[in-house]
Amino acid sequence: MQITEIRIKLLENTSSRQRLCAFCSIILDDAFVVRDIKILSGNQGYFIAMPSRKLAFHCPHCRQKNTVGSNFCNHCGGKIAQSDPYRDLLTTCPNKAFVDVAHPINAASRDRVHRAIIEAYEMELERSRQPNYVSSYQEYGDD
């Protein structure tokens with residue numbers, strides 16, 4: 001697998017405490033795109049967060065989707081049993097309410113993706129300091 005393109009969308013930091021620095025999209029093997037990868041600033045430098053979605057489960061009464069931890073169904077209003085499939089997980093690991101939609105499956109791949117994205121981000125930061133900077137970020141398919 002080769003990362004054939006990386007596009008960075010810098011965000012203007014409105015406060016010094018804001019951790020989200022940019023969004024990025026990558027193309028793998030000129031054939032597959034992964035969008036909405038977040039570039040964040042942490043205590044030990046920059047890191048990435050892969051695109052994710054909120055965990056959901058189906059109401060036992062009406063079968064509509066609800067977010068994990070809900071006490072009542074958002075559709076029918078029915079009481080959700082305290083034993084929804086993820087409630088125990090949330091009490092022990094509250095940050096597990098989201099799961100990655102796409103992600104590398106081993107540490108070596110994750111490291112390669114991470115290094116490539118952070119390198120591209122730092123290059124985009126340098127470009128942004130130049131006069132007349134214009135972001136090269138566009139959604140794929142908008143070309």
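Note that the structure is predicted; figures quoted are calculated from it, not measured.

### Concerning the nonpolar core
Consideration 1: Counting 17 residues, the largest nonpolar core has Ile26, Ile37, Ile39, Ile48 and Ile117 as its most contacted members.
Consideration 2: If you list the elements that add at least two residues to this core, you get β2 (20-28), β3 (32-42) and α2 (107-128).
Consideration 3: For this core, the leading source of residues is α2, giving six residues.
Consideration 4: With sequence-adjacent residues up to four places away left out, Ile37 is seen in contact with Ala22, Phe23, Cys24, Ile26, Ile48, Ala49, Met50, Pro51 and Ile117.

### A few points about the state of the cysteines
Consideration 1: What the rule picks out here adds up to zero disulfides.
Consideration 2: With no disulfide of its own, Cys62 lies 3.6 Å from the sulfur of Cys73, the closest cysteine sulfur.

### Re the packing of aromatic side chains
Aromatic ring pairs are described here by two measures, namely the spacing of the ring centres and the angle between the planes.
Consideration 1: Evaluation of the coordinates by the stated rule reveals one aromatic pair.
Consideration 2: When the centroid spacing of 4.9 Å and the interplanar angle of 75° are considered together, the rings of Tyr46 and Tyr121 count as edge-to-face. Of the two residues, Tyr46 is situated in strand β4 (residues 45-49) and Tyr121 in helix α2; the sequence distance between them amounts to 75 residues.
Consideration 3: On the accessibility criterion, Tyr121 (4% relative accessible area) is buried.

### Some remarks on α2
Consideration 1: Spanning 22 residues, α2 covers 31 Å between terminal C-alpha atoms, matching the ideal 32 Å at 1.5 Å per step.
Consideration 2: What α2 keeps buried is the set Ser109, Val113, Ile117, Ile118, Ala120, Tyr121, Glu124 and Leu125. Looking straight down α2, one finds that the buried residues subtend no more than 165° of arc, so they occupy a single side. Across α2 from its buried face, at more than 90 degrees, point the exposed residues Ala107, Ala108, Glu119 and Met123.
Consideration 3: As for α2, its buried residues are in contact with β1 (3-10), β2, β3 and β4.

### Topic: the sheet that holds β3
In any sheet, the strands associate via hydrogen bonds between backbone groups, in a parallel or an antiparallel arrangement.
Consideration 1: The four strands are arranged β1-β2-β3-β4 in an open sheet whose pairing can be described as antiparallel. For this open sheet the edge positions go to β1 and β4, each flanked by a neighbour on one side alone. When the angles between neighbouring strand axes are averaged without regard to direction, this sheet yields 30°.
Consideration 2: Of the strand pairs in this sheet, β1 and β2 are connected by seven bridges, and their pairing is antiparallel. Pairing of Ile3 across the sheet is with Leu28, part of β2.
Consideration 3: α2 contacts β1, β2, β3 and β4 of the sheet and is inclined by roughly 50° relative to β1.

Thresholds applied
- Residues numbered from 1 in each chain as written.
- Predicted model: local features only at pLDDT ≥ 70, side-chain atom pairs only at ≥ 80, totals over all residues.
- Heavy atoms only, no water.
- Core = buried A, V, L, I, M, F, W, Y, C linked by side-chain atoms within 4.5 Å.
- Buried < 20%, exposed > 50% of the residue type's maximum accessible area, 1.4 Å probe, protein only.
- Helix = DSSP H or I, 4+ residues; strand = E, 2+ residues; numbered from the N terminus.
- Contact = heavy atoms within 4.5 Å.
- Disulfide = S-S within 2.5 Å.
- Phe/Tyr/Trp six-rings, centres within 6.5 Å; stacked < 30°, edge-to-face > 60°.
- Expected span 1.5 Å × (residues − 1).
- Arc of directions from axis to C-beta.
- Pairing = 2+ DSSP bridges.
- Axes fitted to C-alpha atoms, helices over the stretch in contact; angles between N-to-C directions.

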